[in-house]
Amino acid sequence: MFNDKDDLAVDRHLIVTHRLRARRIQLGLTQKQVVTRLGRRGIRTTNKTLSSFEHGAGVDVVRLPELAAALDCTVTYLLGLTEQPTRWEPDHTGPAHTAQSTPADGNWILGPDIPHRTTHR
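Residues numbered from 1 in each chain as written. Predicted model: local features only at pLDDT ≥ 70, side-chain atom pairs only at ≥ 80, totals over all residues. Heavy atoms only, no water.

> Looking at this structure, how should I read the environment of Arg 87?
Structurally, Arg 87 can be placed in the segment after helix 5 (75–78). For Arg 87, the residues in contact, after removing those within four places along its chain, are Thr 74, Thr 76 and Thr 82. A polar atom in the side chain of Arg 87 sits 3.3 Å from the side chain of Asp 91. (Helix = DSSP H or I, 4+ residues; strand = E, 2+ residues; numbered from the N terminus. Contact = heavy atoms within 4.5 Å. Polar contact = N/O pair within 3.5 Å; in protein donor to acceptor, adjacent residues only side chain to side chain.)

Set out below in structure tokens:
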């Protein structure tokens, strides 16, 4: 389906799984503590599920905002678009960025690899 973007998708998946674990360890949190934090945000999960996410099982993108909040970081950071955990705006450098993925207007609502939509009136 995304033949020309397969490498980018794999890279982003690996970045997210690595960042989940690395950020948890950086904060000195156990998996159980992250699960508790997620529970406070209405996300019921288990240590086993979190471990699966950290080891490459598919992370549910719907849960990225809660995972980021539980790990005191931004979704932008988890996706590897910035090196700073609390920064929302991408760094415009690194493996997830190319010259053609930088939006002209600086708005990254949809993400760097989703083309800007034009409105027809």
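That was the structure; now back to the text.
> Would you explain the environment of Val 61 in this entry?
Position of Val 61 relative to the elements: it lies in the loop between helix 3 (47–54) and helix 4 (64–70). The class for Val 61 is exposed, based on a relative accessible area of 59%. Residues Val 61 and Val 75 lie 14 residues apart in sequence; the distance between their C-alpha atoms is 9.9 Å. (Buried < 20%, exposed > 50% of the residue type's maximum accessible area, 1.4 Å probe, protein only.)

> Looking at this model, I keep getting lost on the packing of aromatic side chains. Mind explaining?
Pairs of aromatic rings are described using the distance from one ring centre to the other and the angle between the two planes. One pass over the structure, following the stated rule, counts zero aromatic pairs. One Lys or Arg, Arg 19, reaches over the ring of Tyr 77 and ends 4.2 Å from the middle of that ring. (Phe/Tyr/Trp six-rings, centres within 6.5 Å; stacked < 30°, edge-to-face > 60°. Lys NZ or Arg CZ within 6 Å of the ring centre and 35° of its normal.)

> How should I be thinking about the pattern of salt bridges in this particular structure?
Side chains that differ in charge, positive against negative, can pair when their charged atoms come close. For the structure shown, the criterion picks out four salt bridges. Between Arg 24 and Glu 54 there is a salt bridge, with its nearest N and O atoms 2.7 Å apart. Highlighted residues: Arg 24 in helix 1 (residues 6–26) and Glu 54 in helix 3, separated in sequence by 30 residues. Notably, a salt bridge pairs Arg 37 with Asp 72, separated by 3.2 Å at the nearest N-O pair. You can see Arg 37 sitting in helix 2 (residues 31–40) and its partner Asp 72 sitting in the loop between helix 4 and helix 5, a full 35 residues away along the chain. Look at Asp 72 and you get partly exposed, because its relative accessible area is 38%. (Salt bridge = Lys/Arg side-chain N within 4 Å of Asp/Glu carboxyl O.)

> What am I meant to see in the nonpolar core here?
In globular proteins that are soluble, nonpolar side chains generally tend to be buried together. Core analysis: the largest hydrophobic core is formed by 19 residues, its most contacted members being Leu 20, Val 34, Val 59, Leu 64, Leu 67 and Leu 78. For this core, the elements supplying multiple residues, two or more each, are helix 1, helix 2, helix 3, helix 4 and helix 5. Among the elements that take part in this core, helix 4 stands out by supplying four residues, more than any other. Those residues within four positions of Val 34 in sequence are excluded, and the remaining contacts are Arg 24, Leu 29, Leu 50, Ala 70 and Leu 71. (Core = buried A, V, L, I, M, F, W, Y, C linked by side-chain atoms within 4.5 Å.)

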